[in-house]
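Here's the letter readout for the chains.
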Amino acid sequence: MGKIFVDACKGLETPYTPVWMMRQAGRYLPQYMAVRKEAGNFLNLCHNPKLAAEVTIQPLDIVGVDAAILFSDILVVPNEMGMKLEFLAGEGPVFDKPIATQSDLDNLIGGEDAASKLTYVYDTIKLLREQLDARGDNKALIGFTGAPWTLATYMIEGQGTKTYNICKKMMYSNPELLHKILKKVTEVVKLYMEKQIESGIDVVQIFDSWAAAIEPSKYNEFSWSYMVEIADYLKSKYPETPIIMFPKGVSAFIERGLVYGNFDVFGVDWGTPMAMAKEKLGEKYVLQGNMEPCRLYDKAATTACVEGIQNIMGGKRHIFNLGHGILPDVPVENAIHFVSECQRVSKK
Ligand code: 1CP
């Protein structure tokens, strides 16, 4: 028997619709908080394969999801390109010297030199591969990367942002430099994902969390085309490894029929009506999603949404998920409820 999650990514029939949650290994789990404390801080946890593997597995046992997602962060990539990264309590990620000029970019490590520094990620994956195979329960392992655009927003702004004004100023006044940054990041990401696959992941997910910062007519040029390039590269070498594309907030882009490329699964965010996504994309891609994460605060609101999505998708070419990450103050029992409801309503 194949892994139910991998089969679903390929559009094959499965006994029920598999489910996982973005950000499922994280702060809403007391068991995660305990391991993070043991590690000292979040980045130490990412750098420690034994502990990173432990928190990756936690949601399989505690919440019952059908796939594990590698515990790491999208920002380890710019960090290993030479940008010093810190996670400040309450403020999130901060880079001490954002990229503003061509010479800042030239100082960054690129290509194989950067990708081969991420050994702790590959070691975590190898450990997880052994542990998951030993369990024998056919749960899949998802590897991931940030999209070049989403990574570039942190590299240029130096931190999270509400307005994206520094990177958008570059987009309109110096697009050549922005493209050079995106190209350099794309080259590292291609090799990074290739090494994740070689280390043992089953499926790749690309997070373009800040896709919605770009106006629809510029989205292909500054983000989508780079992800298509990454997918083409990976598919030419690993045609059997499914790729999930999750761009957040691009409902206008979907509606205009602008989605193309060598992906297997399209991750639908919670602001996009599932019926519209199905109509526009359902034949080309398996769809993943898309419950509004805040419905997890209420069990009845969760059940109603799961049933609604099931009615639209009918258990075909679908993977249940949230339409973005789970929030830290969600009760664990509500997450368990979501997962079991997805499996219940879709059981054949
Ligand atoms: O323990 C802590 O305090 C740190 C919180 C945390 C965690 C648990 C961060 C900091 N990152 C992570 C893990 C993580 N990040 C995972 C693996 C765990 C899982 O999904 O189960 C993944 C896939 C990510 C990816 C990630 N990091 C994204 C894309 C996904 C998304 O939610 O859109 C982004 C944008 C980041 C950046 C990031 N990492 C952490 C913070 C606080 C932020 C900033 C978010 C922001 O700018 O608003």
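Just above sits the structure.
The structure reproduced in this document is the subject of the present report. Within each chain, residue numbers correspond to sequence positions counted from 1 in written order. Only residues with pLDDT of 70 or above have their local features reported here, since the model is predicted, and side-chain atom pairs are shown and tallied only from 80 upward, although totals for entire chains, interfaces and linings are computed over all residues. With hydrogens and water stripped out, all remaining heavy atoms of the structure feed into the side-chain values.

1. Looking at the site of the ligand
At step 1: If a single non-hydrogen atom of a residue is within 4 Å of a molecule or strand, that residue counts as near it. The immediate surroundings of the ligand are formed by 22 residues, with Tyr-32, Arg-36, Asp-73, Tyr-154 and Ser-209 found nearest.
At step 2: A distance of 3.0 Å separates an oxygen atom of the ligand from a polar atom in the backbone of Gln-24.
At step 3: As used in this structure description, the phrase polar contact means that two N or O atoms lie within 3.5 Å; if the pair is within protein, one of them must be able to donate a hydrogen and the other to accept it, and residues adjacent in sequence are counted only when both atoms belong to side chains. Taking Tyr-154, its side chain carries an N or O atom lying 2.5 Å from an oxygen atom of the ligand.
At step 4: Accessibility throughout is a Shrake-Rupley quantity obtained with a 1.4 Å probe, and a residue counts as covered only by protein chains that appear here. The protein chains hide 87% of the 900 Å² of surface that the ligand would expose on its own.
At step 5: A class-by-class count of the residues in the shell around the ligand yields 13 nonpolar, five polar and four charged. Residue polarity follows a fixed list, in which Ala, Val, Leu, Ile, Met, Phe, Trp, Tyr, Cys and Pro are nonpolar, Asp, Glu, Lys and Arg are charged, and the others, Gly among them, are polar.

2. Comments concerning the environment of Asp-329
At step 1: Inspection of the secondary structure assignment puts Asp-329 in the loop between β9 (318-319) and α16 (332-346).
At step 2: Residue burial is assigned from relative accessible area. The probe radius is 1.4 Å, only protein chains are included, and a residue is buried under 20% of its type maximum, exposed over 50%, and partly exposed in between. In this structure Asp-329 comes out as exposed when scored by relative accessible area, which is 53%.
At step 3: Of the polar contacts made by the side chain of Asp-329, one reaches the side chain of Tyr-297; its length is 2.5 Å. What counts as a helix is a DSSP run of H or I of at least four residues, what counts as a strand is a run of E of at least two, and both are numbered from the N terminus.

3. Section: the sheet that holds strand β5 (residues 203-208)
At step 1: Judged by pairing direction, the sheet is parallel, and its seven strands sit side by side in the order β1-β4-β5-β6-β7-β8-β9 without closing on themselves. Where the open sheet ends on each side, the last strands, each with one partner, are β1 (67-69) and β9.
At step 2: By the bridge criterion, five bridges tie β5 to strand β6 (residues 243-247) in an arrangement that is parallel. Bridge pairing in β6 links Asp-208 to Pro-247.
At step 3: By definition in these notes, contact holds between two residues if any of their heavy atoms fall within 4.5 Å. For helices, the fitted line uses only the C-alpha atoms of the stretch in contact; every axis is such a line through C-alpha atoms, and the angle between N-to-C directions lies from 0 to 180 degrees. Sheet contacts for helix α11 (residues 175-199): β4 (140-146) and β5; angle to β4, the most-contacted strand, approximately 170 degrees.
At step 4: Across the face of the sheet, helix α12 (residues 216-237) comes into contact with β5, β6 and β7 (265-267) while running at roughly 170 degrees to β6. Here, a strand pair is defined by DSSP locating no fewer than two bridges between the strands.

4. Observations regarding the packing of aromatic side chains
By convention here, two paired aromatic rings are described through the distance between centres and the angle between planes.
At step 1: Pairing of aromatic rings covers Phe, Tyr and the six-membered ring of Trp, with a centre-to-centre limit of 6.5 Å; geometry is then stacked below 30 degrees between planes, edge-to-face above 60, and tilted otherwise. Using the criterion set out here, one finds twelve aromatic pairs in the structure.
At step 2: With a centroid separation of 6.1 Å and an interplanar angle of 50 degrees, the aromatic rings of Tyr-219 and Trp-224 are classed as tilted. Of the two residues examined, Tyr-219 and Trp-224, each falls in the buried class.
At step 3: An angle of 90 degrees between the planes, with centres 4.8 Å apart, marks the rings of Tyr-219 and Phe-253 as edge-to-face. Of this pair, Tyr-219 sits in helix α12 while Phe-253 is found in helix α13 (residues 251-255), placing the two residues 34 residues apart along the sequence. In this structure, Tyr-219 and Phe-253 share a single accessibility class: buried.

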